[in-house]
Amino acid sequence: MSANGIDIEEVFDRLYTLFERVNLPRKESMIISVGLAGKSPQSEVIGYSLWFLIMQLGNQNPVLKGSAYMKVETLFLFGKCDAKVLQSIARVLEVPISGLCLQEAPHVLAHVFQLKESKQTQMAIEFIERVVATDLPGGVTVTIQDLMKSSQVQILAEIIVELGDQTKSENAFEALGRFQKALALTKQNPPQNLAAFLKPHTLGIFSQLSDFLQEVKVKVSVERKQMILRSMGALAHHVGKAISDYAPQYMSTFQTMVIVPELSEVTLEIWHVFLTMLKPEEIKPYVGPTTAAFVSSWTDFNRNARNSALRSLEYLILEIGQELDEYLEDVVDLSTITELEHLHKRLKDIRRTWTPEDHLQRILDHCTSDNLTVAVLSMGELKRFLVAESVVIRQFASGDVFDPMVGQIMTNLIAASSRDGDGTEALRLLAFECIGILGALDPDRLEIKVQDPSMVVMNDFTDESEAILFAIHLIRDLLVGVFRATNDVVYQRYLGFTLQELLRVCHFTPALVGSGTGGTPSMKTRTRWNSLPKHVVETLISLLDSKYSFHPSPTVQTGHPVYPTQSTYREWIQIWTCHLIDKASGPTARNIFASFPPTVRNKDVVVAYHILPHLVLNILISGHDDDAEAIRVELKTVLEDQINPDSLSAPDKKLLSTQAVFMIMDHINKWVRLVRQNIGKKKSGSKRARENQIESTLEEQLLRVDSILSSIDQILIARAAFQCKAYARSLMSFERQVVALQEQSPKNKDLSGYYERLHEIYSHLDEPDGMEGVSTLVLAPSLEHQIRQHESTGRWTSAQSCWEVRLQQSPDNVEFHIGLLRCLRNLGHYDTLRTHVKGVLIRNPDWESALAGFHVESAWMVGAWNEVQEMVERTSAHSSSIVMARLLIAMRANDSEQISQTISVARSVLGAPITAAGVRGYRRSYESVLDLHLMHELETIHNVLMHLPPGSQASNQRRRRQALASLSDILTARFESTLPTFRTREPVLSLRRTAFSLSSVPRNALVGEQGQSWLASARIARKAGHWQTAYSAMLQATQNKARFSFFESSKLVKVMGEPLRALTDLENAMRSLGMLDSTDVVDLTEDDDETKKMKAKASNIYHPWFQRFVSDLEQAQVLRARWMNESDRFEMSAIFKTFTDATQIRPEWESAHFHLGQFHDECFKNLSTSEQAKRRRNQDESLHYLGEDQVIQKTDVYMKLNDTVSRVISECPAYKKWFTAFPQIVSRVGHTNDNVYVHLSRLIREVMQEYPKQALWLFTSVIKSTKANRQQRGRTILDKLKTLNVGTEIPNLILQCETMTNELLNLCDYHIDDDARKTLTMTKDFKRLAALGKSPLIIPLQESLTASLPPTSSAESTHQPFPPNAPTFEKFFDEIEIMRSLAKPRKITIQGSDGQIYMFLGKPKDDLRKDARLMDFNAIINKLLKANSESRRRQLRKDLCTKNCLSHPLTFF
């Protein structure tokens, strides 16, 4: 009985019974509870508890056995030297006493060293030594010194844990001193201070502490975990300054533990202590992850935890913010937390000079962070930025070429949506939402730059230098990022082991950082180490002398092929990669890859995906034939499963696995291509014996790899690629097969089938040119061929007829029904479509899932919402139409919660193809991007319409108009940024009309938006040649009273072949609207009050409606004048009058003046040859005398002209009017008129002052001119420019440019004999030029020197006409090649600051000034090609090269 009257024996009897019934986790919890009960002051409870725990020491389960060991008081028995009790326990467990000690040696010794008195410790050590020495079998001897050496890290960890308990910390500190002293006597080393003693073991100790926190071996109570976390702070305190080497491990643990509610408070306390121990420069890399961890878990913190987090944030921002420099920008957005408002204001004050572009760039940099928490928070900040700065974003995404910033945004978003790993779902959903906000940007105007960090190992790991570079590549570009990003301590340890082994492969030792006892590193090794980025070095320092180890698990026999035996893509790629690691060929390859198995088997597949192609290539080159054959079979199995209609594999497994196979094949093909190039170079070079041997080996390897690749059927690859929607790859494979068949026999019967497949692929690529080309090869086109041709050209009625014929032949083929339904949808016959679907489903109800998309879309288009509701509830499909229908139903019900849930699910479903396609597959996944675009527009329209002010008051009506006008502007800008094809834009307009129809706002308030939407549909259908669809949309626009719909109606009539009727319809419509009077002339020349009023308003009134009216009036007049001219039925004077009237409506509008000038030009061409020559002569004389005649120069007109030029120089942006013509302006620097030269020199200075890096390259030829006047004036302009810009970079740039020009001219002038060597050496022959290799001057590339003009919707004041990061000179390569031609041009190679290689050719005795002007003309041609959507799609452009005339007649290009 206990003191409380409880029968202890009965309690423990019930405990024994219950223990046998419960599962393993509950058993473990019971052992912990009994261990806590054993600390009771009642001896009876202690006895029963001890006996319960001792009974579990014999348990076969290692988890339970270990838990019992941790709780039993065995270590106290050794401390008390109680041999009798120990013998009793040993007899129960049937083990010797020495076995008890050896199994728990770290815990026993840790307890012994923590005894209160040194004498007790000494006695216990002697007792343990006697027990161990006398009780081991077979004459084995183990000393106490052996025990301490073998488990010193575990002993230190056990002692340091006690430092986390304030009541025991002093005793634990003394225990550390005793242990250090005992170990020093054992090793016979001189005594060290505690910090020096702990440093070599810090990583091991920290790993032990992390294991305790992660409960790797036994379950740990929350209280003990809190003590362990405090002990980590104590460890950092005792290690001192060197603790910064282990900051990655500390930060990873903190980030893991801070999200545990019970541990967050303690974690944040220790985190603050740790931050204050580091120097500001040591904190810099962790500013972002630290602040992100605080902000992401802020809502889960209690008051004390928030105070600790706030102290840390104030320390980072307020106390050491200035010392953090640019790393302070890594602080995540704090605006969402009220308690951090003062810190957010401080950051805003620091960033007050930032432009929106600066803010955006910071956010984008953080979105790509390896740290998932930073990436998620930054993605949320990016979402808020896209909404708040929508005007800026729309300016970026407008014009003929989008701003590179938009390409960077989209690249980052797709990369985030493709990111793999645990916890990435939140990041992926945010990325999908941001893609929807940004919109389905036209891929032809969007530049997505993908940096490929991959490396191809050319020599199969037989070249040590190349193998080391490959290991460095893995460290720098792959492993360090994952190591720093993960919050999983166990996974980080596996990564640490892999990094540790790769560092040894690279011969990186602690001696590189001035520590350790190893030999001095070679200069090459030190150079490689110094080439690593700073953040990589900071991470690797602690791993240079780490002692991670890995004990491989027993090899499991894997069936071949591996793919069918695994249920998921992740399992397949991980297991197959691990299997190939065992098959790696060659000692170096095995040494590199041997450390990867623990990393590959854990967590995400990033590491496996990265090393897999290198393993495959290694085995194919030099591995065993059976292993190479197994690889071939594996690749073939994956491809076959992709095209197998009866496959049981999940769709995502098939898609991702097939794309991995394509990635492997691309890597192998790249190696094949590079090897062939190398062989070709060596064959053309010298023929030494060793080179012949190497060449022979490469040819053998190439033959082996090529034979394996060619054994995979190209048709199989093509069909698999087609299934993945990788149409370009499929096209390439089919074309290879076609070429092979044509080589066998030009009349091969199988060719016609392949031509049909090519035609089908081109239709999916939306390439009408390719379809037309293939059609010429098809002698007897099939019905499917004709259908594709009709659909691509918009002849939907003809396509419908073909499908109906097909259905008569095969009425039970669902694909043919889908084709017919597609025609009905594009014709806008939704009632017919709905009726047809219902009829088909009555006969074939099992087709419901295949036809659900058409069924639900036709139902919502005709307003049958009950039917939509029934279908959505009945089907479990997740096609784009179904998820859109669910969202429309939720919006119609105005259920906010349901809308939010539906949108989240819809984004996940619609964005899945983007994840699968990756960054390189933007065009392939464009349909999915368009779906996200549509969903965001639905959400936007719904939100705007739901918040429109009700009532008929004038103020509310005005606010409604403003809200709808703003919405219209947003939708128009989004619409204009999409791919300008009917297939893309019609779904956008269709869904907008549906969204407007859902609103409870009165229909008359939205009729204008509906009408404009139908009008836009008619316009895009007409431009695409879909005249039937355009006519149908035009009828709807007219019914919805679309404003000035007669424009589109007349254009449609004209394009259908009735130009006269189109002109008549246009004039009649203009008369009905009062734009024409009874005489068919717009009377704007009479000075009546009405005309004066209109002119005044056109220039001064800015009411949107009035401005649109004036604009439409002018457009109508211009269109009428053009059609009058084309009809050849009107007098020239009438046509001229109509054009002139159009220019007077709004004089500042350029289009009317342009068409008037075009009309003048046509009239001039109709003159006789003699009359044309006479007028040209008069014009030339007038222009000549305008500049040279002294009498004319004194006239008011001439003076006014100069004054106008002077005024425009100040008002007009330098890039828009002047830089685009800067070469022509510079050519007039020798003008003989002094007044003209004054303005000319000022203009040149203004341009050079605004854009010195670009303009200097175009002006440098002046100061090297052979004409003294030009040279003197050029020198004067530069001197004046330097004087006006003292203290800026301009004087230095001028000096650098002059020096560079002189040295490049010396290179061109360098005399070369006919029999001279083929190369020159930069460092030997042109030392001064070599010294200029590192220069702030930009490399004179065409794209760096060409000013881009802003789109009409963009603000000129903020436009950046040149790339912000134009590459500058980094260095000249040493070799200068002399080309074999008469002029002996010199080819130099330059490395830019962007890491790219650029080649320039210097030509002496060759004046290329005309060529340079021709390049300017070609640049204009390229601009025009870019402005046209059809030429953009075809990627039409003229290749350009930069021609810089340094001096007559010397040129570099």
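Calculation criteria
- Residues numbered from 1 in each chain as written.
- Predicted model: local features only at pLDDT ≥ 70, side-chain atom pairs only at ≥ 80, totals over all residues.
- Heavy atoms only, no water.
- pLDDT = per-residue confidence, 0-100.
- Helix = DSSP H or I, 4+ residues; strand = E, 2+ residues; numbered from the N terminus.
- Contact = heavy atoms within 4.5 Å.
- Buried < 20%, exposed > 50% of the residue type's maximum accessible area, 1.4 Å probe, protein only.
- Pairing = 2+ DSSP bridges.
- Polar contact = N/O pair within 3.5 Å; in protein donor to acceptor, adjacent residues only side chain to side chain.
- Salt bridge = Lys/Arg side-chain N within 4 Å of Asp/Glu carboxyl O.

**Points about the confidence of the model for the chain**
Link 1 in the chain: Taken residue by residue, the chain gives an average pLDDT of 80. The fraction at 70 or more is 84%.
Link 2 in the chain: Within the chain, no element has a lower average pLDDT than helix H58 (residues 1089-1100), which sits at 46, and none a higher one than helix H26 (residues 425-438), at 93.
Link 3 in the chain: Confidence drops under a pLDDT of 50 for residues 1080-1103, and excluding neighbours within four residues, the segment shows 35 contacts in the predicted structure.
Link 4 in the chain: Segment residues 1446-1450: pLDDT under 50, and 28 contacts once partners within four positions in sequence are set aside and those in other chains are kept.

**Considerations on the pairing of strand E6 (residues 1397-1403)**
Link 1 in the chain: Counting buried positions along E6 gives 5 out of 7 residues, so the element sits mostly inside the fold.
Link 2 in the chain: Linkage of strand E5 (residues 1386-1392) to E6, two consecutive antiparallel strands, is achieved through a turn of 4 residues, within which glycine 1395 is found at a positive phi near 85 degrees.

**Concerning the side chain of glutamine 500**
Link 1 in the chain: Here glutamine 500 lies in helix H28 (residues 489-505).
Link 2 in the chain: In this structure glutamine 500 comes out as buried when scored by relative accessible area, which is 1%.
Link 3 in the chain: Side-chain polar atoms of glutamine 500 contact the side chain of glutamate 501, separated by 2.9 Å.
Link 4 in the chain: Contact partners of glutamine 500, with chain neighbours within four places excluded, come to Leu543, Ser546, Lys547 and Tyr548.

**A word on the pattern of salt bridges**
Link 1 in the chain: Considering all chains together, one arrives at 46 salt bridges under this definition.
Link 2 in the chain: For aspartate 325, the salt bridge is made with lysine 284, and the minimal N-O distance between the two is 3.2 Å. Taken as a pair, aspartate 325 in the loop between helix H20 (303-319) and helix H21 (341-350) and lysine 284 in the loop between helix H18 (280-283) and helix H19 (287-296) lie far apart in primary sequence, 41 residues in all.
Link 3 in the chain: Classification of aspartate 325 as partly exposed rests on a relative accessible area of 44%.
Link 4 in the chain: Its salt-bridge partner being arginine 676, residue aspartate 706 comes within 2.5 Å of it at the nearest N-O pair. In this pair, aspartate 706 is assigned in helix H37 (residues 689-710) and arginine 676 in helix H36 (residues 651-684), connecting sequence segments 30 residues apart.
Link 5 in the chain: Looking at arginine 676, the relative accessible area reads 44%, which means it is partly exposed.
Link 6 in the chain: Because the salt bridges share partners, they merge into one network encompassing Lys383, Glu433, Arg907 and Glu939.

**With respect to unusual backbone geometry**
Link 1 in the chain: Phi angles above zero are rare outside glycine, and aspartate 460 is one such case at about 55 degrees.
Link 2 in the chain: The residue aspartate 460 is located in the loop between H26 and helix H27 (464-485) in this model.
Link 3 in the chain: Backbone geometry at aspartate 1128 places phi at a positive 60 degrees, although glycine is not the residue there.
Link 4 in the chain: Here aspartate 1128 shows up in the loop between helix H59 (1104-1127) and helix H60 (1132-1145).
Link 5 in the chain: A relative accessible area of 70% places aspartate 1128 in the exposed class.

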